[in-house]
Amino acid sequence: KIILTRTVQQIPEIFTEEEWCEIRKEHYVHEKGRVCNISSDYGHTIEVGLEERRREILLAIRKHQALGNHKSIEFLESVIQAIDDVEKLTDRYARLALESGKEDIGQVLKQIPRYGARSFREALQFFRILHFTLWTSGNYHNTIGRFDQYMFKFLKKDLDTAVLDYDSAFELLEEFFISFNKDSDLYPGMQQGDNGQSLVLGGVDENGDDAFNLLSEMCLKASLELKLIDPKINLRVNRNTTLEKYDLGTELTKEGLGFPQYSNDEVVIPGLLLKGYELKDARNYVVAACWEFIVPGVGMDIPNITALSFAKVVDQSIRKHLETCKDFDSFMDSVKLEIKVELNSLVSSIKNIYMEPAPFQSLLMNGCIEKGKDISLGARYNNYGIHGTGLSTAVDSLAAIKKFVFGEKSVTAKEIISSIENNFEGDYALWQK
């Protein structure tokens, strides 16, 4: 019932390798140089349809024509071209559905994506079309966001009007979840399954009230029953989260899928406020592809723009400072110093960032159409995050130094440095220790 399956493995490149080389001479290019790992505002487009969005774009074009903003006009015309292509694609699916006797699918595609969704099924299918289009536009790690918030109105309407009962709605939801797994082997990532299809449930609304609803519960139960890797469930919790919700989450954890992840609103929201996010946006946070906190529709943050290796920092500290440190506390001071040195080096290399234009992604981000500005050029929030890697290795190394060099004093700093430099050749006993 939920259609569209990707079959083309490689999305054609926009630039040649020679053109990328020229771009990199002047710019910092993150990963593939494409907009990725942000959270779209799916809800508005699902509600009003692509033809209403086209009308918004045509109004914006007239405004920018009056101002002589040729770059804005070019961008907006690109978004219209993307809308045309999406409608042509879904028309082909609709024709095939009708030819195959799939009247129900044909009727759904007669309404969406041109016009707003009227039912839960149409809303789910609309999301699939939007999400599919992002992938095939070259954008990747396309998150799902607060699915239970922007989809609940469609579910509630169908249940209230008896278009669906609970069981038929649940079956539709499970079909929707299955659709995430049909072509996920074609999505880029560190390994299969690392595709950014993260879905956030619960939390609070913009007034700070509990937002966990019937659809939130259904999503946990559907994931529990299907036992599929996608979508990945993230559960927002706070001091008022009931034990029953934790019980449901724990049942899902027992399946070994690696989720749900938990995000504590009591910590995250104040943390985002400290970083300069507005309260309504902080309360609306979701997770990026992994776990980093971003805001749907208004965030062009790059949560993993580079990485600091804690293992490298500890290694440098051992080589440069260990012999001169009188105790473990002074050695830790040297580690903190090396962290600052490494961070300053990383930050200084990140400037003049370039990303490929992303007209369809821009359609799903707030303000881009009105401003005539592609999302690759920034949004309300444009924060960069630096990952910390090799943390457990660094901690183990520090624990060994604390115990053997400064505690027992059974190994000297010189011995450790010499062994590290020789990769523990001939020092098997020390390596084991």
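Quantities reported herein were computed from a predicted structural model and do not represent experimental measurements.

**Some points on the nonpolar core**
Then, number 1: In this structure, Ile46, Phe147, Met151 and Leu173 are the most contacted members of the largest nonpolar core, which totals 79 residues.
Then, number 2: The contact partners of Leu173, leaving out residues within four places of it in the chain, are Phe120, Leu124, Phe147, Leu215, Met218, Cys219 and Ala222.
Then, number 3: Core analysis: the next-biggest nonpolar cluster, separate from the first, contains 20 residues, Ile318, Val335, Leu346 and Leu398 among them.

**What to know about the pattern of salt bridges**
For side chains of opposite charge, pairing can occur when their charged atoms come near one another.
Then, number 1: Tallied over the entire structure, the rule returns 28 salt bridges.
Then, number 2: We note a salt bridge from Arg24 to Glu17, for which the minimum N-O separation is 3.8 Å.
Then, number 3: Residue Arg54 is joined to Glu51 by a salt bridge in which the shortest nitrogen-to-oxygen separation is 3.1 Å. Residue Arg54 and its partner Glu51 are located together in helix α3 (residues 50-67), separated by 3 residues, close to a single helical turn.
Then, number 4: Judged by relative accessible area, Arg54 falls into the buried class, the value being 15%.
Then, number 5: Taking relative accessible area as the criterion, Glu51 reaches 26% and is therefore assigned partly exposed.
Then, number 6: Taken together, the salt bridges that share partners define one network made up of Glu51, Arg54, Asp84, Glu87, Asp91 and Arg114.

**Some thoughts on the environment of Ile375**
Then, number 1: Along the chain, Ile375 turns up in the loop between α17 (368-371) and β9 (384-389).
Then, number 2: Residue Ile375 is classed as buried on the basis of its relative accessible area, which comes to 0%.
Then, number 3: Between the alpha carbons of Ile375 and Leu257 there is a distance of 33 Å; along the sequence they are 118 residues apart.
Then, number 4: When near neighbours in sequence (up to four residues on either side) are disregarded, Ile375 contacts Val35, Ile38, Met300, Ala358, Gln361, Ser362, Met365 and Cys368.

What counts, and where the lines are drawn
- Residues numbered from 1 in each chain as written.
- Predicted model: local features only at pLDDT ≥ 70, side-chain atom pairs only at ≥ 80, totals over all residues.
- Heavy atoms only, no water.
- Core = buried A, V, L, I, M, F, W, Y, C linked by side-chain atoms within 4.5 Å.
- Buried < 20%, exposed > 50% of the residue type's maximum accessible area, 1.4 Å probe, protein only.
- Contact = heavy atoms within 4.5 Å.
- Salt bridge = Lys/Arg side-chain N within 4 Å of Asp/Glu carboxyl O.
- Helix = DSSP H or I, 4+ residues; strand = E, 2+ residues; numbered from the N terminus.

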